[in-house]
Amino acid sequence: MIRFFTFCRKPASAGFLFLGFSVLLAQAAFSQDYEREQRLNEQTLESLVEGEPHWLSQKNGHRFLGLLIEAENPKGAVIVAHGRGWSPNVGMYGQLRMRLAEKGYTTLALQMPVLGAQAKLIDYLEVYPDAADRFRAAEAFLKARKHKKIAIVSHSLGASMANHYLAGAERHDVKAWVFISIINGLEQMFRIRIPVLDVYGEADWDITRWGADERLKQIVLAPGSEQKVVPNAGHFFEGQEEALTVVITSFLDRVLR
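Residues numbered from 1 in each chain as written. Predicted model: local features only at pLDDT ≥ 70, side-chain atom pairs only at ≥ 80, totals over all residues. Heavy atoms only, no water.

### Quick word on the sheet that holds strand 5 (residues 150-155)
Overall, mixed pairing links the 8 strands, which are arranged 1-2-4-3-5-6-7-8 in an open sheet. Two strands in the sheet have a free side with no partner beyond their single neighbour: strand 1 (52-57) and strand 8 (226-230). Strand-to-strand twist of the sheet, defined as the mean angle between neighbouring strand axes without regard to direction, takes the value 25°. (Pairing = 2+ DSSP bridges. Helix = DSSP H or I, 4+ residues; strand = E, 2+ residues; numbered from the N terminus. Axes fitted to C-alpha atoms, helices over the stretch in contact; angles between N-to-C directions.)

The structure is reproduced here in structure tokens:
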């Protein structure tokens, strides 16, 4: 979300300067927390067992981490995007990138933009353009490696970021999108004309389960799209990672063949 401010042409007063300074502070509070991101990068690299780290770049020159696992004779390539404040190798995200690779899909798991630990979901709207830069860079990286069937698999806030990217991109080469346990309403789905899988847990967060009927009405506009519920799964699919992987790969096998 971008805010524009229009000021009248009057000599600057102390109150006016204070207001302007407050606006700058408010905007700064919503900028990417690169120090926190660096700490997450260090933790990720220290614990990395599977895959190779690669450094990709945003338009502003900021380098971010991607974890690549190349599958043998890949059926496609998947960009994996985590939820709010996490990293690409923790919990379900580490499981997903490895399990999808075992099922025949090259995976590139991204470190998505993070804010300070106290940031709310609405604060993250300010870094959606940065997230879009990261998806765009990940696409270019995979295309340079001759991957033509590219999909995005995204969870929670990462799914909302992917939605923003796919709806707003003038052009992209993503062939399918999987969003898992999305926490916001869908954005401009009429612009997303690729097969979509909406998957969530039977015991997921209320906000995700309650919006399922409305999401289904929107995704069916894209041919090949579907909605699936994973039994006994919560928002982070603890203990149900394999069931989630089977749902995702069954969809990708069908739409990317």
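Now that the structure has been shown, the text picks up again.
### Looking at a nonpolar patch on the surface
A cluster of nonpolar side chains, contributed by Leu216, Val220 and Leu221, occupies part of the molecular surface with about 280 Å² of accessible area. Position of leucine 221 relative to the elements: it lies in the loop between helix 7 (212-219) and strand 8. Among the residues examined, leucine 221 registers a relative accessible area of 64% and is labelled exposed. (Patch = residues over 30% accessible without salt bridge, like charges linked within 9 Å, V, L, I, M, F, W, Y side chains within 5 Å. Areas by Shrake-Rupley, 256 points an atom, 1.4 Å probe, with all protein chains shown as cover. Salt bridge = Lys/Arg side-chain N within 4 Å of Asp/Glu carboxyl O. Buried < 20%, exposed > 50% of the residue type's maximum accessible area, 1.4 Å probe, protein only.)

### Digging into helix 7
By the burial criterion, the buried members of helix 7 are Ala212, Arg215, Gln218 and Ile219. Projected onto a plane normal to the axis of helix 7, the buried residues spread over an arc of 120° and lie on a single side. More than 90 degrees from the buried face of helix 7, the exposed residues found are Asp213 and Lys217. Each element contacted by the buried residues of helix 7 is listed here: strand 6 (174-180), strand 7 (196-201), helix 6 (206-210) and strand 8. (Arc of directions from axis to C-beta. Contact = heavy atoms within 4.5 Å.)

### Here's the deal with unusual backbone geometry
The phi dihedral of lysine 146 falls on the positive side, at around 75°, and the residue is not glycine. Relative to the elements of secondary structure, lysine 146 occurs in the loop between helix 4 (128-144) and strand 5. The class for lysine 146 is exposed, based on a relative accessible area of 71%. For glutamine 188, which is not a glycine, the phi torsion comes out positive at approximately 45°. Take glutamine 188: it is sitting in the loop between strand 6 and strand 7. Taking relative accessible area as the criterion, glutamine 188 reaches 34% and is therefore assigned partly exposed.

### Let's talk about the environment of serine 47
For serine 47, the location among the structural elements is in helix 2 (residues 34-47). Each C-alpha atom, one on serine 47 and one on valine 90, is 9.3 Å from the other, the two residues being 43 residues apart in sequence.

### Digging into the environment of alanine 119
Mapped onto the fold, alanine 119 is located in the loop between strand 4 (105-110) and helix 4. Here alanine 119 falls in the buried class, since its relative accessible area comes to 17%. Between the C-alpha atom of alanine 119 and that of glycine 85, which follows or precedes it by 34 residues, the distance is 9.2 Å.

### With respect to the nonpolar core
Membership of the largest hydrophobic core comes to 44 residues, with the highest contact counts inside it found for Tyr124, Phe135, Ile152, Met161 and Trp177. Secondary structure elements with two or more residues in this core: strand 2 (63-69), strand 3 (76-81), strand 4, helix 4, strand 5, helix 5 (157-168) and strand 6. The element contributing the most residues to this core is helix 4, with 8 residues. Excluding anything up to four places from it in sequence, phenylalanine 135 contacts Ile79, Ala81, Leu110, Met112, Ile152, Gly158, Met161, Ala162 and Tyr165. Tyr93, Tyr105, Ala176 and Leu244 belong to the second-largest nonpolar core, a separate cluster that totals 27 residues. (Core = buried A, V, L, I, M, F, W, Y, C linked by side-chain atoms within 4.5 Å.)

### Let's talk about the packing of helix 4 against helix 5
With their axes 9 Å apart at the nearest point, helix 4 and helix 5 run at an angle of 75° to one another. In terms of their interaxial angle, helix 4 and helix 5 are classed as roughly perpendicular. On the side of helix 4, the interface is formed by Tyr128, Pro129, Ala131, Ala132, Phe135, Arg136 and Glu139, while helix 5 contributes Leu157, Gly158, Ser160, Met161, Ala162, His164 and Tyr165. Looking at side-chain class alone, the contact of helix 4 with helix 5 contains 9 nonpolar, 3 polar and 2 charged residues. (Parallel < 35°, antiparallel > 145°, perpendicular 65-115°, else oblique. Nonpolar A, V, L, I, M, F, W, Y, C, P; charged D, E, K, R; others polar.)

### Details of the packing of aromatic side chains
Inspection of every chain in the model, using the stated rule, returns 4 aromatic pairs. Between the aromatic rings of phenylalanine 135 and tyrosine 165, the centroid separation amounts to 5.6 Å while the plane-to-plane angle is 20°, which identifies the pairing as stacked. Here phenylalanine 135, found in helix 4, pairs with tyrosine 165, found in helix 5; they are 30 residues apart in sequence, far enough to count as distant. Judged by relative accessible area, which is 2%, tyrosine 165 ranks as buried. Seen from their ring centres, tryptophan 205 and phenylalanine 236 are 6.1 Å apart, and the 80° between their planes marks the pair as edge-to-face. (Phe/Tyr/Trp six-rings, centres within 6.5 Å; stacked < 30°, edge-to-face > 60°.)

### Quick look at the pattern of salt bridges
Inspection of every chain in the model, using the stated rule, returns 12 salt bridges. Here lysine 103 and glutamate 242 are joined by a salt bridge, their closest N and O atoms 3.1 Å apart. Taken together, the residues lysine 103 in the loop between helix 3 (91-102) and strand 4 and glutamate 242 in helix 8 (residues 241-255) connect sequence positions 139 residues apart. A residue is classified by how much of its surface remains accessible, and glutamate 242, at 31% relative accessible area, is partly exposed. Two residues, arginine 209 and aspartate 206, come together in a salt bridge whose shortest N-O distance is 2.2 Å. Here arginine 209 and its partner aspartate 206 are both found in helix 6, 3 residues apart, which amounts to about one turn of the helix. Residue class for arginine 209 comes out partly exposed when judged on its relative accessible area of 30%. The network of salt bridges with common partners includes Arg99, Lys103 and Glu242.

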